[in-house]
Amino acid sequence: MSISRKINIVMLCLCTAFSHLETEATESSVSKQVSSDFTTVAKRAIPTVVAVRVKAPEQKLSPFQRDQRSGEDPFDAFGDDFFRHFFGGPRQRQMAPQNQPFIGQASGFIISADGHILTNNHVVKNAGQISVMLNDGSEFDAEVVGQDPNTDIAVIKIDAKNLPHLSLGNSDNLEVGQWVVAIGNPLGLQASLTVGVVSAKGRNDLDIARIEDFIQTDAAINRGNSGGPLLNLDGEVVGINTAIASNMGGYMGIGFAIPSNIAQQITNQLINNGEVTRGYLGVNLQSVNHNLAQAFGLEKAEGALIADVKKDSPAALAGLKQGDIVISYNHTKILNIATLRNAVAMMEPGSKVNLTILREGKQLNIPVEIASFPTSGELISGIETKLGFEVENITPEIAQNLGLLDEKGVIVSNVRPGSPSAWTGMKKGALIIEANKQKVSSTEEFFKVLSTTETGKPVLLLIKQDGQMRFLSMKVS
C-alpha cells in the first residue's frame with residue numbers, strides 16, 4: 001500500500017471520528033437545553049401548584065351507596081362513577097360504615113396573586129369544606145367562586161395576597177409531539193412533576209364532560225393529579241389535567257387535559273359572574289359515518305347531521321330541519337359533531353352564526369341567532385336535577401349503539417352519584433318507558449309528567465335496563 005493511500009485512510013478515519021464527536025456534542029447540547037427547560041418550568045410552576053383537600057358533609061348512606069363505596073381507597077374521593085369511568089378495574093370489597101364523611105385530595109394551581117385557584121369541578125362539587133395547602137406548607141380555607149360541570153372546571157379562592165401564579169397560554173398553538181409537563185399531587189405525593197408529549201388533540205366523545213376537546217398526553221397522570229396544570233416549556237398552562245384511561249387504575253400512558261383556551265373563557269365568567277352562560281342552538285346532532293356520507297352524497301364522513309330540531313329553538317326559528325347536514329359555521333369546516341357542539345356552547349347568547357348546510361343535495365347558508373342555554377331555574381330542569389338524572393331523546397345513533405329496535409321512551413344520559421336516582425340503581429343508558437304509569441316517547445312528554453308531580457310525592461318509572469324491565473320509585477324533594 002502506498003504512503004499516499006495510507007494517509008488517505010488515516011484522514012478518513014480522523015474525519016469519521018470528528019463527525020462522531022460533533023454528533024455527540026450536538027446531542028449533548030440538545031439534551032442539556034431540554035433538561036434546562038424542564039428545570040426552569042419546575043422552578044416557576046411548582047410553587048403555584050396546590051393540594052386541594054375536600055370534606056363533604058357527613059351523611060347516612062343508603063345500602064346501595066354503601067355497596068358502591070365499599071372498598072374505595074382514600075384517594076378515590078370524588079365519586080365512584082367518575083373513577084370507574086377513568087380508572088376502571090376491580091376493587092377489593094370491604095364493609096363500609098353507615099355514617100361516612102367524604103374526604104379526598106386532588107390538585108389545583110394559582111392563577112392570580114390574590115388567591116384565585118383553578119381546579120376540576122368534580123374535585124369540589126358537593127364539598128362541605130375545602131382547604132388548600134400551598135407548596136410551602138401553609139394552609140388556607142377555600143370557598144367556591146364558581147363551577148361549570150359542562151366543562152368540569154371550577155374556580156376556588158383563598159384569602160391571601162402576593163401569591164406566585166401561572167398564566168394560561170394558547171392551547172391552539174400546541175402541536176402533536178410537543179413536550180409538555182404535568183404537575184400535581186398523585187396519590188397524595190405533593191408537587192410531583194412528570195414529562196411527556198402531546199399525543200393527540202381534539203379528543204371528544206369520551207363521555208367525561210358535555211363539552212369535550214381534550215388534549216391527550218403521555219405525561220404520567222394518576223389519582224390526585226386532577227386539577228393540576230399541564231404546561232409547555234415556556235411555563236404557560238396549556239391544559240388542566242382531568243382524567244386518564246386505564247384498565248387497572250394507574251398510569252398507562254393515556255391522560256387527558258382540558259385545553260387552556262376553553263378554561264380561559266370559562267374562568268373569566270366564573271370569576272366575574274359566578275356562573276357560565278353559553279350558547280344554545282336547539283338541535284340533536286348525529287355523527288356522519290361512512291354509510292351516511294354515501295347516502296347523503298358526501299365525499300367524506302364529515303359534518304354534523306341534525307337528527308332532531310327542538311320546538312321554538314333558535315334552530316327551528318332559523319328554518320333548520322331534521323336531516324340537514326351542517327358542514328361549516330362562519331366558514332370553519334365541521335369535522336364532527338363535537339366541532340359544532342363545542343363552538344356553539346362557547347358562543348355568547350345573542351351572537352350571530354352563519355351555518356352552511358347540505359339539504360337534499362343543495363348547499364344553503366342559514367344565519368342563526370344563538371340563544372342562552374336553558375338553565376336549571378326552569379321548573380322542569382329543576383325537578384330533573386333534584387332526581388339526579390338527565391334524559392335525551394332516542395336518535396338513530398343512540399338506538400344503534402344501545403341495540404334498540406322499535407322501543408319508545410327516553411334515554412338516561414347521566415346519573416349523578418349520590419342522587420335519589422343513583423340510590424335506586426338507575427344507570428346511564430337505561431330506557432324510561434313510562435313515568436307515573438304514562439307512556440313517554442320524548443323528553444317533552446317526560447318533563448310534562450314530571451312537572452305535574454307534587455313535591456314530596458314519589459315518581460314511578462318503568463325502565464328497561466340491562467335487558468330487564470323494572471319499576472323504580474323516587475321522591476321529588
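Each remark here, short or long, concerns the structure printed above.
None of these values were measured; they are calculated from a predicted model. Along each chain, the written sequence defines residue order, and numbers are assigned to residues from 1. This being a predicted model, a pLDDT of at least 70 is required before a residue's local features are given, and a value of 80 or more before pairs of side-chain atoms are given or counted; all residues contribute to the totals for chains, interfaces and linings. Excluded from the side-chain calculation are hydrogens and water; included are all heavy atoms of the structure.

1. Points about the overall build of the chain
Thinking step 1. Summing up its helical and strand segments, the chain has 12 helices and 26 strands in all.
Thinking step 2. For the chain, restricting intrachain contacts to residue pairs at least 6 apart in sequence, the fraction spanning at least 24 positions comes to 62%.
Thinking step 3. Accessible area of the chain: about 23900 Å², with a carbon and sulfur share of 51%. A run of H or I in DSSP becomes a helix once it reaches four residues, and a run of E becomes a strand once it reaches two; helices and strands are each numbered from the N terminus. In this analysis, two residues are considered to be in contact whenever any of their non-hydrogen atoms come within 4.5 Å of each other. Per-residue and other accessible areas follow the Shrake-Rupley method at a 1.4 Å probe size, with only the shown protein chains counted as cover for residues.

2. Regarding the pattern of salt bridges
Charged atoms that come close allow side chains of opposite charge to pair.
Thinking step 1. By salt bridge we mean one thing: a side-chain nitrogen of Lys or Arg within 4 Å of a carboxyl oxygen of Asp or Glu. One pass over the structure, following the stated rule, counts six salt bridges.
Thinking step 2. Close ionic contact of Arg-278 with Asp-148 constitutes a salt bridge, the shortest N to O distance being 2.8 Å. Linking Arg-278 in the loop between helix 5 (260-273) and strand 13 (279-280) with Asp-148 in strand 5 (residues 139-148), this pair joins segments that are 130 residues apart in sequence. When sorted by exposure, Arg-278 lands in the same class as Asp-148, which is buried.
Thinking step 3. The closest approach of N and O atoms between Arg-359 and Asp-324, which form a salt bridge, is 2.8 Å. Of this pair, Arg-359 sits in strand 18 (residues 352-359) while Asp-324 sits in the loop between helix 7 (314-318) and strand 16 (325-329), and the two are 35 residues apart along the sequence.
Thinking step 4. The buried label applies to any residue whose accessible area, calculated with a 1.4 Å probe on protein chains only, is under 20% of its type's maximum; exposed applies above 50%, and partly exposed to all values in between. Assessed through its relative accessible area of 1%, Asp-324 is described here as buried.

3. Describing the pairing of strand 3 (residues 116-120)
Thinking step 1. Counting buried positions along strand 3 gives five out of five residues, so the element sits mostly inside the fold.
Thinking step 2. Pairs of strands are assigned from DSSP output, requiring at least two bridges between the strands. Of the pairings in the sheet, the one linking strand 3 to strand 6 (residues 153-158) comprises five bridges and is antiparallel in character. Across the sheet, the residue bridging to Asn-120 is Ile-153, located in strand 6.

4. Description of the environment of Ala-42
Thinking step 1. When you line up the elements, Ala-42 lands in helix 1 (residues 3-45).
Thinking step 2. Along the backbone, Ala-42 and Ala-182 are 140 residues apart, and their C-alpha atoms lie at a distance of 9.7 Å.

5. Comments concerning the packing of aromatic side chains
Thinking step 1. The rule is short: rings of Phe, Tyr and Trp, with Trp giving its six-membered ring, pair when the centres are within 6.5 Å, and they are stacked under 30 degrees, edge-to-face over 60, tilted in between. A full pass over the atoms with the stated rule returns five aromatic pairs.
Thinking step 2. Judged by centre distance (5.6 Å) and plane angle (90 degrees), the rings of Tyr-280 and Phe-373 are edge-to-face. Highlighted residues: Tyr-280 in strand 13 and Phe-373 in the loop between strand 20 (371-372) and helix 9 (379-387), separated in sequence by 93 residues.
Thinking step 3. Overall, the relative accessible area of 16% leaves Tyr-280 in the buried class.
Thinking step 4. Residue classification places Phe-373 among the partly exposed residues on the basis of a relative accessible area of 34%.
Thinking step 5. Grouping aromatic residues by their ring pairs yields a cluster made of Phe-389, Phe-446 and Phe-447.

6. Some words on unusual backbone geometry
Most of the time, phi is negative for any residue but glycine, and the peptide bond is trans.
Thinking step 1. Although it is not a glycine, Leu-187 adopts a positive phi angle of roughly 55 degrees.
Thinking step 2. Position of Leu-187 among the secondary structure elements: in the loop between strand 7 (179-184) and strand 8 (192-203).
Thinking step 3. The exposure class assigned to Leu-187 is partly exposed, which follows from its relative accessible area of 44%.
Thinking step 4. Of note in this structure, Asp-466 is not a glycine but carries a positive phi near 55 degrees.
Thinking step 5. Position of Asp-466 among the secondary structure elements: in the loop between strand 25 (458-465) and strand 26 (468-475).
Thinking step 6. On the basis of relative accessible area, Asp-466 is assigned to the exposed category, the value being 60%.

7. Let's talk about the sheet that holds strand 7
Thinking step 1. The six strands lie next to each other as 7-8-9-12-11-10, forming a closed barrel whose pairing is antiparallel. Strand-to-strand twist of the sheet, defined as the mean angle between neighbouring strand axes without regard to direction, takes the value 45 degrees.
Thinking step 2. Bridge count between strand 7 and strand 10 (residues 229-231): two bridges; the pairing is antiparallel. Residue pairing in the sheet places Ala-182 in a bridge with Leu-230 of strand 10.
Thinking step 3. Orientation is described by lines fitted to C-alpha atoms, with helices fitted over the stretch in contact, and by angles between N-to-C directions that extend from 0 to 180 degrees. Running over the sheet, helix 5 touches strand 11 (237-244) and strand 12 (255-259) and is turned about 45 degrees from strand 12.

8. Brief notes about the nonpolar core
Thinking step 1. Throughout, nonpolar core names a set of buried Ala, Val, Leu, Ile, Met, Phe, Trp, Tyr and Cys residues whose side chains join them through atoms within 4.5 Å. Ranked by size, the top nonpolar core spans 29 residues in total, and within it Phe-109, Leu-118, Ile-153, Ile-183, Leu-231, Ile-240 and Ile-266 carry the most contacts.
Thinking step 2. Mapped onto this core, the elements with two or more residues apiece are helix 1, strand 6, strand 7, strand 11, strand 12 and helix 5.
Thinking step 3. Formed by 22 residues, the second largest nonpolar core is a distinct cluster that contains Tyr-329, Ile-334, Met-347 and Val-368.

9. Some points on the side chain of Asn-120
Thinking step 1. Tracing the chain through its elements places Asn-120 in strand 3.
Thinking step 2. Any N or O atom pair separated by 3.5 Å or less is treated as a polar contact, with the protein-specific requirement of one donor-capable and one acceptor-capable atom, and with residues adjacent in sequence counted only for side-chain atom pairs. A polar atom in the side chain of Asn-120 sits 3.1 Å from the backbone oxygen of Asp-152.
Thinking step 3. Of note is the side chain of Asn-120, whose polar atom sits 2.8 Å from the backbone nitrogen of Gly-227.

10. Remarks on the side chain of Ser-107
Thinking step 1. The residue Ser-107 is located in strand 2 (residues 99-110) in this model.
Thinking step 2. With relative accessibility at 0%, the residue Ser-107 sits in the buried group.
Thinking step 3. At 2.9 Å, the side chain of Ser-107 and the backbone nitrogen of Asn-185 are in polar contact.

11. Some remarks on a nonpolar patch on the surface
Thinking step 1. In this analysis, a patch consists of residues with relative accessible area above 30% that form no salt bridge, clustered at 9 Å for like charges and at 5 Å for the nonpolar side chains Val, Leu, Ile, Met, Phe, Trp and Tyr. A contiguous nonpolar patch, built from Trp-179, Leu-193 and Val-195 and spanning about 230 Å² of accessible area, is present on the exposed surface.
Thinking step 2. When you line up the elements, Leu-193 lands in strand 8.

12. A short note on the pairing of strand 16
The side chains of a regular strand alternate, residue by residue, between the two faces of the sheet.
Thinking step 1. Most of strand 16 is tucked away: four of the five residues are buried.
Thinking step 2. In the sheet, strand 16 pairs with strand 18 via four bridges, with the strands oriented antiparallel. By the bridge assignment, Tyr-329 is partnered in strand 18 with Leu-355.
Thinking step 3. Sheet topology places strand 16 next to strand 17 (residues 332-333); two bridges connect them, and they run antiparallel. Residue pairing for strand 17: Tyr-329 is matched across the bridge by Thr-332.
Thinking step 4. Adjacent in sequence and paired antiparallel, strand 16 and strand 17 are bridged by two residues, among which Asn-330 carries a positive phi angle near 45 degrees.

13. Thoughts on helix 8 (residues 337-345)
Thinking step 1. Judged by how many residues are buried, helix 8 sits mostly within the fold: seven of nine residues are covered.
Thinking step 2. Considered for burial, the residues of helix 8 that qualify are Ile-337, Ala-338, Leu-340, Asn-342, Ala-343, Val-344 and Ala-345.
Thinking step 3. Residues of helix 8 that are buried sit in contact with strand 13, strand 14 (283-287), strand 15 (304-309), strand 16 and strand 18.
Thinking step 4. With a side-chain oxygen positioned 3.1 Å from the backbone nitrogen of Ala-338, the residue opening helix 8 is Asn-336.

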